[in-house]
Amino acid sequence: MATHASKTLYVVQLNFPRGIEDLSNRRFDYEHVPDLLSCEGFVSLDRFQLCAVQPVGWPSAPRRIEYMNLWQLEGPQVLASEAYRLRSNGPDPSWQGRT
């Protein structure tokens, strides 16, 4: 019987401030994601921009979340690691005031 490594799905939903979405997406793509993927235990990321399409016949509802990120982790202990704490403890100071 094959053994499978434990996997954890860490789901993050977020919005970026209006007016600086492009800047925020660049920071996310080129800094935040590589930083976290360099942490031991972070395996991969699938990132989605949620669409505003309403199925026919459904009542309209405001869209509250713009992005959904699905991080695959080796296990939930990754989120308690020192490496994760250091890399997720707020934006790089050079971005403060811009994102």
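A few points on the structure. This is a predicted model, so every value here is computed, not measured. (Residues numbered from 1 in each chain as written. Predicted model: local features only at pLDDT ≥ 70, side-chain atom pairs only at ≥ 80, totals over all residues. Heavy atoms only, no water.)

**A word on the side chain of Thr 8**
Phase 1: One can find Thr 8 in strand 1 (residues 8–14).
Phase 2: Ignoring any residue separated from it by four or fewer positions in sequence, one finds Thr 8 in contact with Trp 71, Gln 72, Leu 73, Gly 75 and Pro 76. (Helix = DSSP H or I, 4+ residues; strand = E, 2+ residues; numbered from the N terminus. Contact = heavy atoms within 4.5 Å.)

**A closer look at the pattern of salt bridges**
Two side chains of opposite charge can pair, provided their charged atoms sit close to one another.
Phase 1: Applying the stated rule across the entire model yields three salt bridges.
Phase 2: Asp 29 is paired through a salt bridge with Arg 47; the nearest N and O atoms lie 2.7 Å apart. Of this pair, Asp 29 sits in helix 1 (residues 21–37) while Arg 47 sits in strand 2 (residues 42–49), and the two are 18 residues apart along the sequence.
Phase 3: Overall, Arg 47 belongs to the partly exposed group, its relative accessible area being 26%. (Salt bridge = Lys/Arg side-chain N within 4 Å of Asp/Glu carboxyl O. Buried < 20%, exposed > 50% of the residue type's maximum accessible area, 1.4 Å probe, protein only.)

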